Amino acid sequence: VLGSNYLYPDEIMLGSKLDSWIEWLQQLGINAEPKPAEIIKRIRHLSARYSKENAQQIEELFYYLCDLFDKYDFEDEKEFEELKTLEWIPADNNEECYYLPSDIYLPFSKHLFFSQAKFALFKQRNRMGGKFPEFLEIGIKPKTLQIIRHLKYLSDNDLVPDNKINNLYNIY
């Protein structure tokens, strides 16, 4: 009925090997990985309305992009430039909106200046490194003034610094 040129899966030939099925899908023109425009479209859709579910999906996309940027050398990162100007990063302790990457920090040193900045909601610190955060111009390290203002904040509010901040005292 469909003719001899019709591509259909031959389960006997393909078997249960995932690579065989992926190759068959690629013959149909289906990409193994989403295109940058598809990723951006998904992020735009998810960041249009704040919800915990959307924030979790954005977190996974962020990790995916971190891995992707480390896996490939992008000759033209312009495909992802829109992500720098899109409010799509969820913040810890804020379940109302998303932020520009340049307005938020990754939580690596949060204990040093949590009163002075907004921090990404992301939890898996080992997955948020590499070239992608740098490309986005997302904050990673605090400025000295932020640390000083945070210490003043702690002092003014009679708060005890986090135990992790003791390393800071050893520096000075």
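For the structure, see preceding data.
All of these numbers come straight from a predicted model, not from anything done at the bench. Residue positions are given per chain, counted from 1 along the sequence in the order it is written. Owing to the predicted nature of the model, reporting of local features is limited to residues with pLDDT of at least 70; listing and counting of side-chain atom pairs is limited to 80 or more, with chain, interface and lining totals taken over all residues. To obtain the side-chain values, all non-hydrogen atoms of the structure were included, while hydrogens and water were left out.

Draft legend 1. How the structure looks around the overall build of the protein. Of the regular secondary structure elements, the protein holds nine helices and two strands. In the protein, the order of α-helices and β-strands from amino to carboxyl end is α-α-α-α-α-β-β-α-α-α-α. Only protein chains enter the accessibility calculation, which uses a 1.4 Å probe; a residue whose area is less than 20% of its type maximum is buried, one above 50% is exposed, and one in between is partly exposed. Classification of the 172 residues of the protein by burial places 35% in the buried group. Helix numbering and strand numbering both begin at the N terminus, where a helix is a DSSP run of H or I of at least 4 residues and a strand a DSSP run of E of at least 2.

Draft legend 2. The arrangement of the side chain of Asn94 in detail. Mapped onto the fold, Asn94 is located in strand β2 (residues 94-99). For Asn94, the side chain forms a polar contact with the side chain of Tyr99, separated by 2.4 Å. In what follows, residue pairs with any heavy atoms lying within 4.5 Å of each other are defined as contacts. Ignoring any residue separated from it by four or fewer positions in sequence, one finds Asn94 in contact with Tyr50 and Tyr99. In protein, a polar contact requires one atom able to donate a hydrogen and another able to accept it; more generally it is a pair of N or O atoms within 3.5 Å, and residues adjacent in sequence count only if both atoms are side-chain atoms.

Draft legend 3. Molecular detail of the environment of Pro34. Note that Pro34 resides in the loop between α2 (18-27) and α3 (36-47). Using a relative accessible area of 40% as the deciding quantity, one classes Pro34 as partly exposed. Ignoring sequence-local partners within four residues, the contact set of Pro34 consists of Ile39 and Tyr64.

Draft legend 4. Seen up close, the nonpolar core. Among the buried residues, those of types Ala, Val, Leu, Ile, Met, Phe, Trp, Tyr and Cys that are joined through side-chain atoms within 4.5 Å form a nonpolar core. Among the nonpolar cores identified, the biggest contains 31 residues, and Phe62, Leu65, Leu83, Trp88 and Phe132 are the most heavily contacted of them. The biggest single contributor to this core is helix α4 (residues 52-71), with nine residues. When near neighbours in sequence (up to four residues on either side) are disregarded, Phe62 contacts Trp88, Ile89, Leu106, Phe122, Met128, Phe132, Pro133 and Leu136. Core analysis: the second largest hydrophobic core is formed by six residues, Leu112, Ala117, Phe119 and Ile147 among them.

Draft legend 5. Up close: the packing of aromatic side chains. Any Phe, Tyr or Trp ring, taking Trp's six-membered ring, that has another such ring centre within 6.5 Å forms a pair; planes under 30 degrees apart are called stacked, those over 60 apart edge-to-face, and the others tilted. Scanning the entire structure with this criterion turns up 14 aromatic pairs. Both rings, one in Phe132 and one in Phe135, keep their centres 6.4 Å apart while their planes meet at 25 degrees; by these two values the pair is stacked. Here Phe132 pairs with Phe135, and both are found in helix α7 (residues 131-136), just three residues apart, close to one helical turn. Classification of Phe132 by relative accessible area gives buried; the value is 0%. Clustering of aromatic rings is evident, with ring pairs tying together Phe62, Tyr63, Phe69, Phe80, Trp88, Phe122, Phe132 and Phe135.

Draft legend 6. Structural view of the packing of α3 against α4. Interhelical geometry of α3 versus α4 gives an angle of 155 degrees and a closest axis separation of 9 Å. Between α3 and α4, the crossing angle belongs to the class labelled roughly antiparallel. In the packing of α3 onto α4, the handedness of the crossing is left-handed. Contacts between α3 and α4 involve Ile39, Arg42, Ile43, Leu46 and Ser47 from the first element and Asn54, Gln57, Ile58, Leu61, Tyr64, Leu65 and Leu68 from the second. For the contact of α3 with α4, the residue count by class is eight nonpolar, three polar and one charged. To define axes, lines are fitted to C-alpha atoms, for helices over the stretch in contact only, and angles between the resulting N-to-C directions are given on a 0 to 180 degree scale. Here the angle decides the label: under 35 degrees means roughly parallel, over 145 means roughly antiparallel, 65 to 115 means roughly perpendicular, and every other value means oblique. Crossing chirality is assigned from the near helix's rotation relative to the far helix, an anticlockwise turn below a right angle marking it left-handed and a clockwise turn marking it right-handed. Side-chain classes follow a simple rule in which Ala, Val, Leu, Ile, Met, Phe, Trp, Tyr, Cys and Pro form the nonpolar group, Asp, Glu, Lys and Arg form the charged group, and the remainder, Gly included, forms the polar group.

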